[in-house]
Amino acid sequence: MPELAEVETVARGLRPLEGRRIVSVWFGKTDFIAEPQRLAALLPGTCLASVNRRGKLLLLELQPQAPAVGASGETFWLLIHLGMTGQLVLRDPSQPLAPHTHVRFALDDGRELRYVDVRRFGRMRIATVEELAEIVAPLGADPLEVSEDEFRRRLSASRARVKSILLDQGVLRGLGNIYADESLWWAQIHPLRRGAELSAEELGRLWRSIRNVAREAIRLRGTSVSDYVDANGQPGGYQKRLRVYRRTGRPCRRCWAPIERIVVAGRGSHFCPQCQPARRVRSNRRSSGGRKKRLGS
Ligand SMILES: [Zn+2]
């Protein structure tokens, strides 16, 4: 469930911890962690050098202070994917443990960073600099950084349904079901349209919609429709802005038609049947000519 805006909000909440040292690590269930013994051996004594995000992946850069025997002493990365219900929250050790707390990182300022995950679809692993490069290489462009031309090129190269293209982390990194549905509503594009069939104008509208939705969602600190909270345990605010996501049967905020839900690429997709027509509406011949020219150039 946590997408770009939620992971970015968690990353920003963790950034004040840069420079802090991990004193010790405690594990509960570890079936979602790759090589938990390696984490247990490497993490204690490391300094949190930086907090980054790539798509939906949180990247914590760790600098060993006094390298353990057998450790290289080089910087490495702790990768955390929050999956469906993962939470990473800062707590005072005196605060009771929430159910489903699976990892606790004790910090040198006396606080604890706790990983809570009801469904355990999250993932956690250590990566060397080389391993990290391999892991992030297949990820597509950042929706907030990709240029309009590059965005058009990536989407029009695919015959897949536009909704599945938006969810494909190899095309764009960080978008999930919520922001894909919301962006398609703002751009007035039906989720079943095919990437290659979208006009240059429609792709431009979609590019702008995704940026606006992502920026606004980050500004409001994410969307809390189920378990998502930020690093301080606070819910986000974008759920109040949702236009289609989980609004099936309720009136469209643009035209009052009831919002519909279909399944695309195995995911529930919410859209307005009136504002987001299944077929392209050709408003005039000039716009279709413009599209041909752009595709051929
Ligand atoms: Zn509508």
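Anything mentioned here points back to the structure above.
Residues numbered from 1 in each chain as written. Predicted model: local features only at pLDDT ≥ 70, side-chain atom pairs only at ≥ 80, totals over all residues. Heavy atoms only, no water.

So, on to the packing of aromatic side chains. Counted by the stated rule, this structure contains three aromatic pairs. An angle of 80° between the planes, with centres 5.0 Å apart, marks the rings of W185 and W186 as edge-to-face. Accessibility expressed as a relative area gives 3% for W185, which makes it buried. Taking relative accessible area as the criterion, W186 reaches 37% and is therefore assigned partly exposed. It is R104 that lies over the ring of W26; its NZ or CZ is 5.0 Å from the centre. Taking the ring centre of W185 as reference, the NZ or CZ of R254 above it sits at 3.8 Å. (Phe/Tyr/Trp six-rings, centres within 6.5 Å; stacked < 30°, edge-to-face > 60°. Buried < 20%, exposed > 50% of the residue type's maximum accessible area, 1.4 Å probe, protein only. Lys NZ or Arg CZ within 6 Å of the ring centre and 35° of its normal.)

Now for the coordination of the zinc ion. Metal coordination angles in their ideal form are 109.5 degrees for the four-donor tetrahedron and 90 or 180 degrees for the six-donor octahedron. Around the zinc ion, the protein supplies C252 (SG), C255 (SG), C272 (SG) and C275 (SG) as donor atoms, at distances of 2.2 to 2.4 Å. Viewed at the metal, the four donor atoms of the zinc ion are separated by angles of 98 to 114°, and the geometry they form is tetrahedral. Taken in chain order, the donor set of the zinc ion reads C-x2-C-x16-C-x2-C. Residue class for C252 comes out buried when judged on its relative accessible area of 0%. (Donors = N, O, S within 2.8 Å, 3.2 Å for Na, K, Ca; no water. Tetrahedral: all angles 85-135°; square planar, octahedral: opposite > 155°, others 65-115°.)

Attention now goes to the packing of helix α4 (residues 148–156) against helix α7 (residues 200–219). Between α4 and α7, the shortest axis-to-axis distance is 10 Å and the interhelical angle comes to 115°. As summarised for this structure, α4 and α7 are arranged roughly perpendicular, according to the angle between their axes. Every pair of crossing elements has a handedness; the one defined by α4 and α7 is right-handed. Contacts between α4 and α7 pair E148, F151, R152, L155 and S156 from the former with A200, L203, G204, L206, W207, R208 and I210 from the latter. A class-by-class count of the residues in the contact of α4 with α7 yields seven nonpolar, two polar and three charged. (Axes fitted to C-alpha atoms, helices over the stretch in contact; angles between N-to-C directions. Helix = DSSP H or I, 4+ residues; strand = E, 2+ residues; numbered from the N terminus. Parallel < 35°, antiparallel > 145°, perpendicular 65-115°, else oblique. Left-handed = near helix turned anticlockwise from the far one by under 90°. Contact = heavy atoms within 4.5 Å. Nonpolar A, V, L, I, M, F, W, Y, C, P; charged D, E, K, R; others polar.)

Okay, the pattern of salt bridges next. Any two side chains of opposite charge can pair, given that their charged atoms come close. If you walk through the whole model with that rule in mind, you get 25 salt bridges. Taking the shortest distance from any N to any O, the salt bridge between E35 and R38 comes out at 3.0 Å. Given a relative accessible area of 43%, E35 falls into the partly exposed group. Salt bridges sharing partners connect three or more residues here, namely E8, R12, R53, D142, E145 and R173. (Salt bridge = Lys/Arg side-chain N within 4 Å of Asp/Glu carboxyl O.)

In space, the four strands of this open sheet follow the order β1-β6-β7-β5, with antiparallel pairing throughout. Across the chains shown, the open sheet's two edge strands, defined by having one partner strand only, are β1 (22–27) and β5 (86–91). Going across the sheet, the axis of each strand differs from the next one's by a mean of 15°, ignoring polarity. (Pairing = 2+ DSSP bridges.)

Counting buried residues in strand β4 (residues 76–81) gives six out of six residues, a clear majority hidden from the surface. Covered by surrounding structure in β4 are F76, L78 and I80 together with W77, L79 and H81, the residues of both alternating faces. Where strand β3 (residues 57–64) meets β4, six bridges bridge the pair, whose relative direction is antiparallel. Among the inter-strand pairings, E61 is bridged to a residue of β4, identified as W77. With five bridges connecting them, β4 and strand β8 (residues 123–127) associate as antiparallel partners. Note on β8: the bridge partner recorded for I80 is M124.

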